[in-house]
Each structure stands twice: as structure tokens, then as C-alpha cells.
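Structural characterization, general
If you want the building blocks of each chain, they are given just below.
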Amino acid sequence: MTTSPPLARRTDERALAALQREHGPALFGFLLGLTHGDRQRAEDLVQETLVRAWQHPEALASDHDSMRPWLFTVGRRLAIDARRARRSRPSEVTAEVLDHSPVPVDLAERSATELDVRRAVRALRTEHREVLVQVYFRGRSVAEASTELGIPEGTVKSRTHYALRALRTVLPGYGAGADRRAGRGAA
């Protein structure tokens, strides 16, 4: 714990005011650069630097031509300490950051859904399952699925329709009510 000098050993208020008038603007500009343009932080650092000058009258009593190097050194060290203190604690999170953050993926729910879908697809008739695999899982067009399976395009479309209808009855959340809740409407 650091101790402050007794009140009798403080810098005279007039000398401190003169120090601020003479070096304050330059010190502020210097600290503004160190804080990457953060005016509030720079002002706080100027104030803290002047508090240190008030607490240490021996610095003003030195035989230096100017107090500016001492003030800049104190200000720089305070800026470094403040930056280290901010970096050592967790970042503050604002509501705006949370609003724009991606929603974390619930892997357990996703895995359960994948298992449900796999079971439901396995329960389909072979011809319906083959069509769904081609169109939805392999991303093929109706024409490509038709060529791959060796059946007419109309058959691919009808089997896809009936396969999806069968899945809606087996899988929760895929029925007509789910379409309305999701804002798609039942077609």
C-alpha cells in the first residue's frame, strides 16, 4: 500500500495551476495519442498526472529546465498501467454486442434432431427414401435425380411429395401447424 505525503508537503495550488496552464494542452495531446483518440481517457490521465504532481512537490522543486518530460513520463506510465488493468479483466459486453452476436448452436439438440430425421427416413419405403437422398441430401435437381435413379421426372416429383408428407406425420414440428408457426403457411 502506498502512502501519500502529509498535507503540508503538497504542491502549492498556484504552482499547480501554472503547471496545468503551461503544460496541460500538450500533455492532453500526448495522452490523446496514447489512448487512440479517447478524449475521456486522455482527460482522466491528465487529471491523474496533475494529482501526482500535487502529491510530489519535490518534482517541481528540481533544477530541470521544464517539467514537461516529468509530466509526460508520469502520464505515459499511467496510460500503460490503465491499459494493462483494462486488459487483465474480462471485456465489458454491451447489449448491442449481444444483439449482433451469433446464436450458439445447441449441439445436443441438433444431434437429437439428426437422429430423429435419420430414423424417420429409414422408415420410408425404399423408393421414397432413394428420391429424398438424391434431391435433399445430395442436392440434385429433379432431372439429375431422374437420370440417377432411371425413373421419369414426374415420378421423382410425386415420390418426393409423398415422402415429405410421410415425414411430416412422423417428425414433430413438420406438420401443417409448424408451417403456419414458422410463417410459411400450409400450401
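Residues numbered from 1 in each chain as written. Predicted model: local features only at pLDDT ≥ 70, side-chain atom pairs only at ≥ 80, totals over all residues. Heavy atoms only, no water.

1. Comments concerning the overall build of the protein chain
This is how the line gets drawn: Helix and strand assignments come from DSSP, with helices taken as H or I runs of at least 4 residues and strands as E runs of at least 2, each series counted from the N terminus. Whether a residue is buried, partly exposed or exposed follows from its accessible area with a 1.4 Å probe, protein chains only, as a fraction of its type maximum: under 20%, in between, or over 50%, in that order. Contact criterion: two residues are considered in contact whenever any of their non-hydrogen atoms come within 4.5 Å of each other. Areas reported here follow the Shrake-Rupley algorithm with a probe of radius 1.4 Å; residue values treat only the protein chains shown as occluding.
Within the protein chain, the regular secondary structure consists of 10 helices and 0 strands. Mapped in sequence order, the helices and strands of the protein chain form the string α-α-α-α-α-α-α-α-α-α. Residues classed as buried in the protein chain amount to 24% of the 187 residues present. Once local pairs closer than 6 in sequence are excluded, the contacts in the protein chain between residues at least 24 apart make up 55%. For the protein chain, the accessible area works out to roughly 13800 Å², and carbon and sulfur atoms hold 52% of it.

2. Let's talk about the packing of aromatic side chains
For clarity, the threshold we go by: Ring geometry is summarised as follows: Phe, Tyr and Trp rings, the Trp one being its six-membered ring, pair when their centres sit within 6.5 Å, and such pairs are stacked at plane angles under 30 degrees, edge-to-face over 60 and tilted between the two. A positively charged side chain is recorded as over a ring if its NZ (Lys) or CZ (Arg) lies within 6 Å of the ring centre. The angle to the ring normal must also be within 35 degrees.
Using the criterion set out here, one finds 1 aromatic pair in the structure. Between Phe30 and Phe72 the ring centres are 4.6 Å apart and the planes differ by 20°, which places this aromatic pair in the stacked class. Here Phe30, found in helix α1 (residues 13-34), pairs with Phe72, found in helix α4 (residues 68-88); they are 42 residues apart in sequence, far enough to count as distant. One Lys or Arg, Arg10, reaches over the ring of Trp54 and ends 4.5 Å from the middle of that ring.

3. Section: unusual backbone geometry
Backbone geometry at His36 places phi at a positive 55°, although glycine is not the residue there. Secondary-structure assignment places His36 in the loop between α1 and α2 (39-55). A relative accessible area of 74% places His36 in the exposed class.

4. Looking at the pattern of salt bridges
Test applied: Salt bridge, as applied in this entry: a Lys or Arg side-chain nitrogen positioned within 4 Å of an Asp or Glu carboxyl oxygen.
Evaluation of the coordinates by the stated rule reveals 5 salt bridges. Between Arg52 and Glu48 there is a salt bridge whose closest N-O contact spans 3.1 Å. Taken together, the residues span about one helical turn, with Arg52 and Glu48 both in helix α2 at a distance of 4 residues. As a salt-bridge pair, Arg110 and Glu114 come within 3.6 Å of each other at their nearest N and O atoms. Of this pair, Arg110 and Glu114 both sit in helix α6 (residues 107-122), 4 residues apart, which is roughly one turn of that helix. Relative accessible area serves as the criterion here: at 39%, Glu114 is assigned to the partly exposed category.

5. Regarding the nonpolar core
Put simply, the rule reads: Only buried residues count toward a nonpolar core, which is a set of Ala, Val, Leu, Ile, Met, Phe, Trp, Tyr and Cys residues joined through side-chain atoms within 4.5 Å.
With 16 residues, the main nonpolar core has Leu19, Leu31, Val46 and Leu71 as its most contacted residues. Among the elements of the structure, α1, α2 and α4 are those that each provide at least two residues to this core. Once residues within four sequence positions are removed from consideration, Leu71 is found in contact with Leu19, His23, Leu27, Thr49 and Ala53. Core analysis: the next-biggest nonpolar cluster, separate from the first, contains 7 residues, Ala120, Val121, Leu132 and Leu171 among them.

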